[in-house]
Amino acid sequence: MSIQKRLILSNIGMIILPILSLFVIEIVLGFIFFVFLNRETDSRTIELFSGLRFFTLLLVLIVTNGLLTYFVSRSILKPIQKLSQATERIKQGDLDYSVYSNKKDELAKLSNNFEEMRISLKEARTLQDKYEENRQELIASISHDLKTPITSIKGYIQGIHDGVANSPEKLSRYLSTIYQKAEQMDGLIDELFLYSKLDLAQVPFDFEPLDLHAFLRDFLGELTFYQDDLEVELNANQNEQYLIYADRDKIYRAITNIMQNSLKYMNKKDQKIDVSLQSVKDHVEMVIRDNGLGIAPDELPFIFNSFYRADSSRNSSTGGSGLGLSIVKKIVDAHGGTIWAESKEKNGTSIYIRFKKVR
Ligand SMILES: Nc1ncnc2c1ncn2[C@@H]1O[C@H](COP(=O)(O)OP(=O)(O)OP(=O)(O)O)[C@@H](O)[C@H]1O
Ligand SMILES: [Mg+2]
């Protein structure tokens, strides 16, 4: 019941109850005086009767007023006290104190609005904690990935300094390792730069209609030109047009990162990469499938996370920072597309990307 209704009813009660009580008192006192005690209607009896009637009525007035005021104010004050307690708890950082109310009055509405505010505050805090955790992980990974090549560069320079590289061949080997480590750092810094710019949405995207089929034909032609031992296949329906809105350079970068993985995590002599295109309703689905190492099922859900490298890759000699696929994901997200992976250990990996088709 609304507060307004409650107040109106209690006011009506405060008028009606004493009036009714007056009748009841009149009848009861009359019965006691003139039937039960059988008193005469003389002036003393009437005076006593009137006095008693007045005091009883006064008592009824005080009791009904007091009770109604107590119950109505309690029904208003209790939720206010609960709300005030909640604000105090939230002020102290406790966001688990629920103020949900299943009643239907104005204060219940206020409590439930407050409850919604508490829930969104809690969600915002969880998200903020997650961001903070990610930021700390990111700093730790960056420091580690930069520290490793720097340590070996220092080691090799120290070696040259101490005369360990005592032959021209040794010196040349030391110098080329130093160069390779510096290149590795350069690559990592470039990837990091791109990753953080994509993360902050600071990379401009230049969207234009792009025929994915023609684009992939050129891309794979270029790839096989440099990798002649690689078997590449492109499957698509010749009669269909796979037109999407995309930033050509970013798509080039994304596909390069995926293909680099296919080549890097390859353990077979007959290296194979299959690329296929198909229309799925109003989307174009691209699948890049390799016959490489594959990814363990418990590692598959994390490969698009920044700095994530599967155990087998971390322990192998193949370099990498674990940013490649997270950059791909950011690029696909910026295109409004979706990306996921399927893999069978030892058999190979398929990366699926879906883009909205241009009509
Ligand atoms: N085609 C693939 N075959 C097997 N494992 C893969 C494949 N693609 C990705 N992975 C696994 O997923 C991890 C994350 O890939 P990602 O490209 O993000 O990082 P990376 O290749 O380790 O480093 P980067 O690409 O930054 O040089 C890899 O370390 C590897 O374990
Ligand atoms: Mg990679």
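Residues numbered from 1 in each chain as written. Chains lettered and ligands numbered in written order. Predicted model: local features only at pLDDT ≥ 70, side-chain atom pairs only at ≥ 80, totals over all residues. Heavy atoms only, no water.

Participant: Provide a residue-level description of the pattern of salt bridges, including the pertinent values.
Facilitator: Taken as a whole and judged by the stated rule, the model has 13 salt bridges. Asp94 is paired through a salt bridge with Arg89; the nearest N and O atoms lie 2.9 Å apart. Accessibility expressed as a relative area gives 24% for Asp94, which makes it partly exposed. Given the relative accessible area of 33%, Arg89 is considered partly exposed. (Salt bridge = Lys/Arg side-chain N within 4 Å of Asp/Glu carboxyl O. Buried < 20%, exposed > 50% of the residue type's maximum accessible area, 1.4 Å probe, protein only.)

Participant: Account for helix 6 (residues 248–264), naming residues and giving values.
Facilitator: An α-helical turn contains 3.6 residues, so a residue and the one three or four places further along point in the same direction. With 17 residues, helix 6 should cover 24 Å at 1.5 Å per step; its first-to-last C-alpha distance of 24 Å lies within 8% of that length. Of all the positions in helix 6, only Lys250, Ile251, Ala254, Ile255, Asn257, Ile258, Met259, Asn261 and Ser262 are classed as buried. For helix 6, the side-chain oxygen to backbone nitrogen distance between the N-cap and Asp249 is 3.0 Å, and the N-cap itself is Asp247. (Helix = DSSP H or I, 4+ residues; strand = E, 2+ residues; numbered from the N terminus. Expected span 1.5 Å × (residues − 1). Polar contact = N/O pair within 3.5 Å; in protein donor to acceptor, adjacent residues only side chain to side chain.)

Participant: Lay out the UniProt feature "transmembrane region" (unreviewed entry) in the chain in plain terms, naming residues and giving numbers.
Facilitator: UniProt marks residues 12–36 and 48–72 with the feature "transmembrane region" (unreviewed entry), using the numbering shown here. The distance from the first to the last C-alpha atom of residues 12–36 is 34 Å, and the span holds 100% helix and 0% strand. The span residues 48–72 is 100% helical and 0% strand by assignment, and the distance between its end C-alpha atoms comes to 36 Å. (UniProt positions renumbered as here; feature names shortened; annotations may be inferred.)

Participant: I'd like a description of the pairing of strand 4 (residues 272–280), backed by residues and values.
Facilitator: For strand 2 (residues 231–235) and strand 4, the ladder comprises five bridges, and the chain directions are parallel. Bridging across to strand 4, Glu231 finds its partner in Lys272. Bridge count for strand 4 against strand 5 (residues 283–290) is eight bridges, and the pairing is antiparallel. Within strand 5, the position partnered with Val275 by the bridge is Ile288. (Pairing = 2+ DSSP bridges.)

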